[in-house]
Amino acid sequence: QARRGRSVVVVCGLKPGTSSSVCFSPNSLQVLTIGEDDMSAKVWNACTGECVHTLAGHARNVWSAAFSPDGRCIVTSSSDETGKIWNAKTGRCVRTLVGHVGRVWSATFSPDGRYIVTASVDKTAKLWSVSAGECVQTFAGHAGYVSWAAFSPDTHHILTASDDRT
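Residues numbered from 1 in each chain as written. Predicted model: local features only at pLDDT ≥ 70, side-chain atom pairs only at ≥ 80, totals over all residues. Heavy atoms only, no water.

A. Up close: the overall build of the protein. In terms of regular secondary structure, the protein is built from zero helices and 14 strands. When the helices and strands of the protein are placed in sequence order, the string is β-β-β-β-β-β-β-β-β-β-β-β-β-β. Taken across its 166 residues, the protein has 42% of its residues classed as buried. In the protein, once contacts between residues fewer than 6 apart in sequence are set aside, the share between residues at least 24 apart is 35%. Summed over its atoms, the accessible surface of the protein is roughly 9,100 Å², and 52% of this surface lies on carbon and sulfur atoms. (Helix = DSSP H or I, 4+ residues; strand = E, 2+ residues; numbered from the N terminus. Buried < 20%, exposed > 50% of the residue type's maximum accessible area, 1.4 Å probe, protein only. Contact = heavy atoms within 4.5 Å. Areas by Shrake-Rupley, 256 points an atom, 1.4 Å probe, with all protein chains shown as cover.)

B. Spatial organisation of the sheet that holds strand β11 (residues 125-129). Sheet architecture is open: four strands sit in the order β9-β10-β11-β12, paired in antiparallel fashion. What marks the edges here is a single partner per strand, and that holds for β9 (104-109) and β12 (135-139). Between one strand axis and the next, the sheet turns by 20° as a mean value, whatever way the strands run. One ladder, built from five bridges, connects β9 with strand β10 (residues 115-120); its direction is antiparallel. Note that in β10 the partner of Phe109 across the bridge is Ile116. (Pairing = 2+ DSSP bridges. Axes fitted to C-alpha atoms, helices over the stretch in contact; angles between N-to-C directions.)

C. Seen up close, the environment of Val101. Looking at the element boundaries, Val101 is found in the loop between β8 (93-98) and β9. For Val101 and Glu81, which are 20 residues apart along the polypeptide, the C-alpha to C-alpha distance reads 6.1 Å. Apart from the residues lying within four places of it in its own chain, the contact partners of Val101 are Glu81 and Asp122.

D. Structural context of the sheet that holds strand β7 (residues 82-87). Overall, antiparallel pairing links the four strands, which are arranged β5-β6-β7-β8 in an open sheet. Strands with a single pairing partner mark the edges of an open sheet, and in this sheet they are β5 (62-67) and β8. For this sheet, the mean angle separating the axes of adjacent strands, direction not counted, is 20°. Sheet topology places β7 next to β8; five bridges connect them, and they run antiparallel. Residue pairing in the sheet places Lys84 in a bridge with Thr96 of β8.

E. Just the pattern of salt bridges, in detail. Applying the stated rule across the entire model yields one salt bridge. In this structure, Asp70 and Arg72 form a salt bridge, with 3.6 Å as the shortest nitrogen-oxygen distance. For the pair Asp70 and Arg72, one class covers both residues: exposed. (Salt bridge = Lys/Arg side-chain N within 4 Å of Asp/Glu carboxyl O.)

F. Seen up close, the environment of Val121. Turning to its location among the elements, Val121 is positioned in the loop between β10 and β11. As a C-alpha pair, Val121 and Val104 span 17 residues in sequence and 6.5 Å in three-dimensional space. With near-sequence residues (within four places) excluded, Val121 lies in contact with Gly102, Arg103, Trp105, Tyr145 and Val146.

G. Seen up close, unusual backbone geometry. Phi angles above zero are rare outside glycine, and Lys123 is one such case at about 75°. Structurally, Lys123 is set in the loop between β10 and β11. In this structure, Arg165 is a non-glycine residue whose phi angle is positive, near 75°. With relative accessibility at 81%, the residue Arg165 sits in the exposed group.

This is how it looks when you write it as structure tokens:
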């Protein structure tokens, strides 16, 4: 309970010192975690602290994970040069996003849930169709790796952050 500064549930089973990212599902009933030196993401029941799913399937470290706006899907990004779309209810991988040449630092859903944008060491960001799992646009032009990409609230613009200081 944030207002009271109290812990409501404790998630157990994480490796000590390795939890690098956490987020709530849109309905606040699940928690998504990734850890440093881990090739998976985990979905936890926010009320009981029990692990619901381990999203395993990447060949290298997972760097980011996020729920879709409706909570039905999860996207992960990895050093294995891919992103993956997972069914949040079953924990099964439904699509693998292949096209980057280098670590994929981040993957984020658009506010309407129809697209994903990924950011990579290959100095590009890519726009993907969630339904088809295909790249529909590549954004190039940075001199350094792209560390993050995000959608504007109206989904009309994509903002990127790069190691080239732009």
